[in-house]
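Chain by chain, the residues:
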Amino acid sequence: MNDTIINKVLKGDVRELAGDLPENFFQCIITSPPYFNLRDYSEGNEEKEIGKESSHEEYVSNLVEVFSLLRPKLKEDGLLWLNLGDTYKNKMLMGMPWRVALALQDSGWVLRSDIIWHKPNAMPSSIKDRPTTDHEYIFMFSKNNEYFYDADAIREPHKTFSEDSKMKGGRNHFGKINGTPENGKNGGNSNLHDGRWDQAFHPKGRNKRTVWEIPLGKFKDAHFAVYPDKLVENCLFASTRENDIVFDPFTGSGTTGVVSCRHSRKFVGVELVDKYQKMAQKRINEVAAQSSIFDMISAE
Ligand SMILES: C[S@@+](CC[C@H](N)C(=O)[O-])C[C@H]1O[C@@H](n2cnc3c(N)ncnc32)[C@H](O)[C@@H]1O
C-alpha cells in the first residue's frame, strides 16, 4: 500500500479512508477543511461533507474525529498545519477557528502557534457596521513537545535595525563603540544574548513571525477558496525535508500536493468530491512528471 498511494489523491470521506492509511507515515499534514456553513462542495455527498452540519458543535466534533483518526498516521515528530476562516451567524462572529483549535487541544494535540494569514487583496465588502475581515488562521499543532521544525528554512528579513525601524545604529546600541554585531554576540555584553543576536543579526534573517501577509492565489477553476502556494511553502519548508511525505485530508484543487511535489516532497491526499479529486490528481500528475524530467536531466 505504502508505495501505491504516493502522489495519489484518494477519493472518499477521510473518516472512512483513514483506517487504511499506514501508521507513522506522514511528516506533516497541511490542510484547509471546509469552513462551517460556508459553501456546498458536494454533489450528492452532503451527509459526508464536513461544513454542512446543522450545529457548530457537530462541526467541531467531526473535525476532532478526523484529526484523532489521522494522529497515528503522523510521525511522532510531525506537525499538523490547519487553516481555518471564521463565519457569522445571526450577526454573531462564531469564533469557529478557535473553537476547533481548543477542541483539538482538549483531544491531545499540542497547540504550538496561532498564525494570522493576512490577505492584502481580500475581496472588498459592502459591510458598514464592522471592519471588513481580511484574515484567517493557521494553527500549528504537534503530537509531542519535541518535533522537527526548521526555523532557518522560513526566516524573514530583519526589521530591528532596518530603514523602517526607529531602532537605528545597531552596533552602538549594544554599547560597543566600533564593535561589530559578530564580536558582540559572545563578547560578554549581556544585552546581546544569543536570542537578541538572532533577532537582529542572524545572517538568514529573523525568526518567522506569526502574521503572514500573503495575497490570495490566482487559481480559478475551483468553486471554493484555494489557499496560496506561498502559504503552503511556509508550512512545508518549516516541517519537512526533501522526500518526506505530506498529507492533505481535504485536498480540494490539490494546492498542497502541487507545492509538495514541486519542492521534491511526496504527497498523499483525500478528496470527497469526484470532480475535485480528478482536478487535483491531474494537477499533481503534471507537476510530478515535470519534477521527474528535471531529475533525469540533472542526473545526466
Ligand atoms: C476548502 S476546500 C480545500 C481547498 C484546498 N486547500 C485548495 O487549495 O484547493 C475543502 C475540500 O474538502 C472536501 N471535503 C469535504 N468533506 C470531506 C470529507 N468528509 N472527506 C474528504 N474531503 C472532504 C471538499 O469537497 C473540498 O474540496
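For the structure itself, consult the block above.
All values derive from a computational prediction rather than experimental measurement.

Student: What should I look at first to understand the overall build of the protein chain in this one?
Tutor: Of the regular secondary structure elements, the protein chain holds nine helices and ten strands. Per-residue burial over the protein chain gives 32% buried out of 300 residues. In the protein chain, of all internal contacts separated by at least 6 residues, the share reaching a separation of at least 24 is 66%.

Student: Would you mind going over helix 3 (residues 96–106) with me for this structure?
Tutor: Since the α-helix turns once every 3.6 residues, residues separated by three or four places project in the same direction. For helix 3, the full list of buried residues reads Met96, Pro97, Val100, Ala101 and Leu104. Down the axis of helix 3, the smallest arc covering the buried residues is 135 degrees, so these residues share one side. In the core, the buried residues of helix 3 are packed alongside helix 2 (56–70), strand 3 (74–84), strand 6 (110–118) and strand 7 (135–142). Positive backbone phi, at 120 degrees, marks Gly108, one or two positions downstream of helix 3.

Student: Can you walk me through helix 8 (residues 255–262) in this structure?
Tutor: Taken across its eight residues, helix 8 has seven buried, putting it largely inside the fold. Inspection of helix 8 places Thr255, Thr256, Gly257, Val258, Val259, Ser260 and Cys261 among the buried residues, and these make up the whole buried set. Immediately downstream of helix 8, the backbone of Ser264 shows phi near 60 degrees, a positive value.

Student: Teacher, can you tell me more about the nonpolar core here?
Tutor: Side chains that are nonpolar tend, in soluble globular proteins, to be buried together. Formed by 56 residues in total, the largest nonpolar core has its most connected members in Cys28, Ile29, Ile30, Leu80, Trp81, Phe141 and Val246. It is strand 3 that provides the largest number of residues to this core, a total of six residues. Those residues in contact with Trp81 that lie beyond four places of it in its chain are Cys28, Ile29, Ile30, Ile138, Met140 and Cys235.

Student: Which parts of the structure should I look at to understand the site of the ligand?
Tutor: Of all residues adjacent to the ligand, which total 23 residues, the nearest are Phe250, Gly252, Ser253, Thr255 and Leu272. Class assignment of the residues belonging to the shell around the ligand gives a composition of 15 nonpolar, four polar and four charged.

Student: Would you explain the packing of helix 7 (residues 229–239) against helix 8 in this entry?
Tutor: Close contact between helix 7 and helix 8 brings their axes to 9 Å; oriented N to C, the two are set at 60 degrees. Considering their axes alone, helix 7 and helix 8 lie oblique with respect to each other. Helix-helix and strand crossings are classified by hand; for helix 7 and helix 8 the assignment is right-handed. Judged by residue contacts, Asp229, Val232, Glu233 and Leu236 of helix 7 engage Thr255, Thr256, Val259 and Ser260 from helix 8.

Student: Honestly, unusual backbone geometry in this entry has me stumped. Any pointers?
Tutor: If a residue is not glycine, its phi is most likely negative; likewise, a peptide bond is most likely trans. Here the phi dihedral of Asn7 falls at roughly 60 degrees; this positive angle occurs in a residue that is not glycine. Take Asn7: it is sitting in the segment before strand 1 (8–11). Assessed through the 19 C-beta atoms surrounding it within 10 Å, Asn7 is described here as partly exposed. Of note in the backbone geometry, Asn90 takes a positive phi value of approximately 50 degrees without being a glycine. Turning to its location among the elements, Asn90 is positioned in the loop between strand 4 (88–89) and strand 5 (92–93).

Student: Help me understand the packing of helix 2 against helix 3, please; the structure alone is not making it clear to me.
Tutor: Helix packing geometry: the angle between the two helix axes and the distance between the axes. The N-to-C vectors of helix 2 and helix 3 enclose an angle of 45 degrees; their axes lie 9 Å apart at closest approach. One element, helix 2, and the other, helix 3, form an angle in the oblique class. You can see that helix 2 and helix 3 cross each other, and the crossing is right-handed. On helix 3, the residues that touch His56, Val60, Leu63, Val64 and Phe67 of helix 2 are Met96, Arg99, Val100, Ala103 and Leu104. Each residue belonging to the contact of helix 2 with helix 3 can be placed in one class, and the counts come to eight nonpolar, one polar and one charged.

Student: Help me understand the pairing of strand 3 in this model?
Tutor: Within a regular strand, the side chains alternate between the two sheet faces. The buried count for strand 3 comes to eight of eleven residues, which makes it a mostly enclosed element. Across five bridges, the pairing between strand 2 (residues 26–31) and strand 3 is parallel. By the bridge assignment for strand 3, Thr31 is matched with Leu82. As paired elements, strand 3 and strand 7 share six bridges and run antiparallel to each other. Across the sheet, residue Leu79 finds its bridge partner in strand 7, namely Ser142.

Rules used in this analysis
Residues numbered from 1 in each chain as written. Predicted model: local features only at pLDDT ≥ 70, side-chain atom pairs only at ≥ 80, totals over all residues. Helix = DSSP H or I, 4+ residues; strand = E, 2+ residues; numbered from the N terminus. Buried ≥ 20, exposed ≤ 12 C-beta atoms within 10 Å, placed from the backbone. Contact = placed C-beta atoms within 7 Å. Arc of directions from axis to C-beta. Core = buried A, V, L, I, M, F, W, Y, C linked by C-beta atoms within 7 Å. Near = placed C-beta within 6 Å. Nonpolar A, V, L, I, M, F, W, Y, C, P; charged D, E, K, R; others polar. Axes fitted to C-alpha atoms, helices over the stretch in contact; angles between N-to-C directions. Parallel < 35°, antiparallel > 145°, perpendicular 65-115°, else oblique. Left-handed = near helix turned anticlockwise from the far one by under 90°. Pairing = 2+ DSSP bridges.

Any functional reading would require information beyond the geometric quantities listed.
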